Amino acid sequence: MAANTNIELRQKMMYSLFVRNHTTEGTFAAVEKDLDRIQALGTDIIWFMPIQPTGVLNRKGRDGSPYAIKDYRKVDPALGTMEDFRHLTDEIHKRGMQCILDVVYNHTSPDSWLIENHPDWFKRDAQGNTVTLVPDWSDIADLDYGKEELWQYQIDTLKMWAEMVDGFRCDVAPRVPVEFWRQAREAVEQVRPGAIWLAESTEKHFIKFIRSQGGYCATDSQLYEVFDICYDYDIWPSFLHYVKGKDAHPLSLYLDEIEKQEGTYPENFVKLRCLENHDQDRIAHHVEDKRSILNWTALSFLLKGTAFVYAGQERMLSHRPSIFEKDATDFSGGEDISGFIARCAKIKRTELTADGIYGSFGDDDKDVAYLWCKMGQECVVGIFSLKGYTGEIAAHMADGSYENLLTEEMVGVSEGRLTHDGTPIIIRTHTDALLEREMRMYL
């Protein structure tokens, strides 16, 4: 693991936005006007999707993907000026938040500044054409990290941006050598001490595909040598199978995948716990019942790792905006659950500890998930009805009356059972019953 990873990232909430689609104006100045609302959600870190100019050659859609970057060291003039972005980051810092910037270092657009000025820094086929190992990525050209001069250029670029931002989200991080990221982190540390490093790690099928094509692709375990946070794509297929109800995929199997992370990664690993993002359909696309969405939301905040909200998730929007053309997020649509997210963020920040002992198990018959974080003699427990079950369930805690930290209402446990009304429950208790149950599984 990166030696200086701050595990307090497990108590943070990250909010991701794409400037072009965040407002009707699609500018830095318009995002700045929204900062107070974003902060009120409980946001600690804002992740800006790429803000650089987009290439024109082989462009997808009318406006092109932000991940087909034309010039790493400039901003898209349609969003504003570099000074506008600097002012935006200053305003974020004034509010006590941090911000990270997307880094797209596996590739550029086919008409990028780098291709024009350093054509030898790109991978090419036998005919000399630029290539990409992923056929669907027809609007990009893969960089060649076998060229040492490329490394210094990329690191100098990161140092430039680190004057303004607090870290980086690294796109397709496994396709770039871990040793490059190690050197980049060391260099950025001199400019921005304690910078945050988030890797878009990938799921096993992508890793296998890239390697089958003769390409380099690192695993989460390798990335954790350098990065603070990795995606939870290692368990994403299990999540999708369960949430879509495919292949009789039970809840316990999904939760078991989460438990496996404890036995796979370093002790101080941090995962990004998301239900949706710009590449994945929104949770409201998969789940129509509001109570189920609230349960999934609360569960994601109680999991060990950094909580994540994709712009528009706070309105339970089902439409995932296109990244290939202007598609402004409709913050007047859907149903506002901002207050609920803010309560989840507060619980994560004030009720949990970064070094707590986390655990989970599921009731497959009722689709109820039990999660907990044990801190000394106290335990914060979440009970989540993920498919709307209402009725009596096992409580796995001592009889008594407990305050639901999400609602301030009381929850009664009698003879080891409680009545679940389908809404999420998070309580604080002194009991070790949940941990005792887990231990019995291994004795």
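Conventions adopted
Residues numbered from 1 in each chain as written. Predicted model: local features only at pLDDT ≥ 70, side-chain atom pairs only at ≥ 80, totals over all residues. Heavy atoms only, no water. Helix = DSSP H or I, 4+ residues; strand = E, 2+ residues; numbered from the N terminus. Rg over C-alpha atoms; globule rule 2.2 N^0.38 Å. Buried < 20%, exposed > 50% of the residue type's maximum accessible area, 1.4 Å probe, protein only. Contact = heavy atoms within 4.5 Å. Areas by Shrake-Rupley, 256 points an atom, 1.4 Å probe, with all protein chains shown as cover. Lys, Arg positive; Asp, Glu negative; His and termini not counted. Charge placed at Lys NZ, Arg CZ, Asp CG, Glu CD. Arc of directions from axis to C-beta. Polar contact = N/O pair within 3.5 Å; in protein donor to acceptor, adjacent residues only side chain to side chain. Salt bridge = Lys/Arg side-chain N within 4 Å of Asp/Glu carboxyl O. Pairing = 2+ DSSP bridges. Axes fitted to C-alpha atoms, helices over the stretch in contact; angles between N-to-C directions. Expected span 1.5 Å × (residues − 1). Parallel < 35°, antiparallel > 145°, perpendicular 65-115°, else oblique. Left-handed = near helix turned anticlockwise from the far one by under 90°.

Draft legend 1. Just the overall build of the protein chain, in detail. Of the regular secondary structure elements, the protein chain holds 15 helices and 18 strands. Relative to the 2.2 N^0.38 estimate, which gives 22 Å for 443 residues, the radius of gyration of the protein chain is 22 Å and therefore close to what a compact globule would have. Across its three principal axes, the protein chain shows a C-alpha extent of roughly 75 × 45 × 40 Å. In the protein chain, which comprises 443 residues, the proportion classed as buried is 58%. Within the protein chain, contacts between residues at least 6 apart in sequence are counted, and of these 72% link residues at least 24 apart. About 17800 Å² of surface is accessible on the protein chain, with carbon and sulfur atoms providing 48% of the total. For the protein chain, the separation between the mean place of its 49 positive charges and that of its 72 negative charges on side chains is 2 Å.

Draft legend 2. Spotlight on helix α8 (residues 204–212). Listed in full, the buried residues belonging to α8 are Phe206, Ile207 and Ile210. Buried residues in α8, looked at end-on, bunch into an arc of 100°, giving them a common side. Turned more than 90 degrees off the buried face of α8, the exposed positions are Lys204, His205, Lys208 and Ser212. Near the N-terminus of α8, the side chain that reaches the backbone nitrogen of His205, with its oxygen 3.0 Å away, is that of Glu203.

Draft legend 3. Local environment of the pattern of salt bridges. Enumeration according to the criterion identifies 31 salt bridges in this entry. Lys290 is the partner of Glu335 in a salt bridge, and the nearest nitrogen-oxygen pair spans 2.5 Å. Placement of the pair is Glu335 in the loop between β10 (306–310) and α14 (338–350) and Lys290 in helix α13 (residues 290–302), with a sequence separation of 45 residues.

Draft legend 4. The sheet that holds strand β9 (residues 270–273), seen in detail. Here eight strands make up a closed barrel; going around it, the order is β1-β2-β3-β6-β7-β8-β9-β10 and the pairing parallel. Strand after strand, the sheet turns through a mean of 25° between neighbouring axes, direction not considered. Of the pairings in the sheet, the one linking strand β6 (residues 167–170) to strand β7 (residues 196–199) comprises four bridges and is parallel in character. Opposite Cys170, over in β7, you have Ala199 as the bridge partner.

Draft legend 5. Geometry of unusual backbone geometry. Residues other than glycine seldom take positive phi values, yet Val172 does so here, at roughly 45°. When you line up the elements, Val172 lands in the loop between β6 and α7 (178–191). Even without being a glycine, Met316 presents a positive backbone phi close to 55°. On the accessibility criterion, Met316 (14% relative accessible area) is buried.

Draft legend 6. Looking closely at the pairing of strand β11 (residues 357–363). Burial analysis of β11 places six of its seven residues in the buried class, which makes it a mostly covered element. Pairing geometry for β11 and strand β12 (residues 368–375), over seven bridges, is antiparallel. The residue bridging Gly362 from the neighbouring strand is Ala369, located in β12. Hairpin geometry of β11 and β12 is characterised by an intervening segment of four residues between the two adjacent antiparallel strands and by a positive phi of about 55° at Asp367.

Draft legend 7. Main features of helix α4 (residues 82–94). Between its terminal C-alpha atoms α4 stretches 18 Å, which fits the 18 Å expected from 13 residues at 1.5 Å a residue. Buried residues in α4 make contact with α2 (28–33), α3 (35–40), β2 (45–48), β3 (98–103) and α6 (148–161). Downstream of α4 by one or two residues, Gly96 has phi in the positive range, about 80°.

Draft legend 8. Layout of the sheet that holds β12. Judged by pairing direction, the sheet is antiparallel, and its four strands sit side by side in the order β11-β12-β13-β18 without closing on themselves. Here the strands that pair on one side only, and so sit at the sheet edges, are β11 and β18 (425–429). Each adjacent strand pair in this sheet contributes to an overall mean axis angle of 15°, direction not counted. Across eight bridges, β12 lies against strand β13 (residues 378–385) in antiparallel orientation. Each residue of the ladder has a partner; that of Val368, found in β13, is Ser385. α13 contacts β11, β12, β13 and β18 of the sheet and is inclined by roughly 150° relative to β13.

Draft legend 9. Highlighting the packing of α13 against α14. Close contact between α13 and α14 brings their axes to 9 Å; oriented N to C, the two are set at 25°. Relative to α14, the element α13 is oriented roughly parallel. Between α13 and α14 lies a crossing whose hand is right-handed. Side by side, α13 and α14 meet where Leu294, Thr297, Ala298 and Phe301 of the first sit next to Phe340, Ile341, Cys344, Ala345 and Lys348 of the second.

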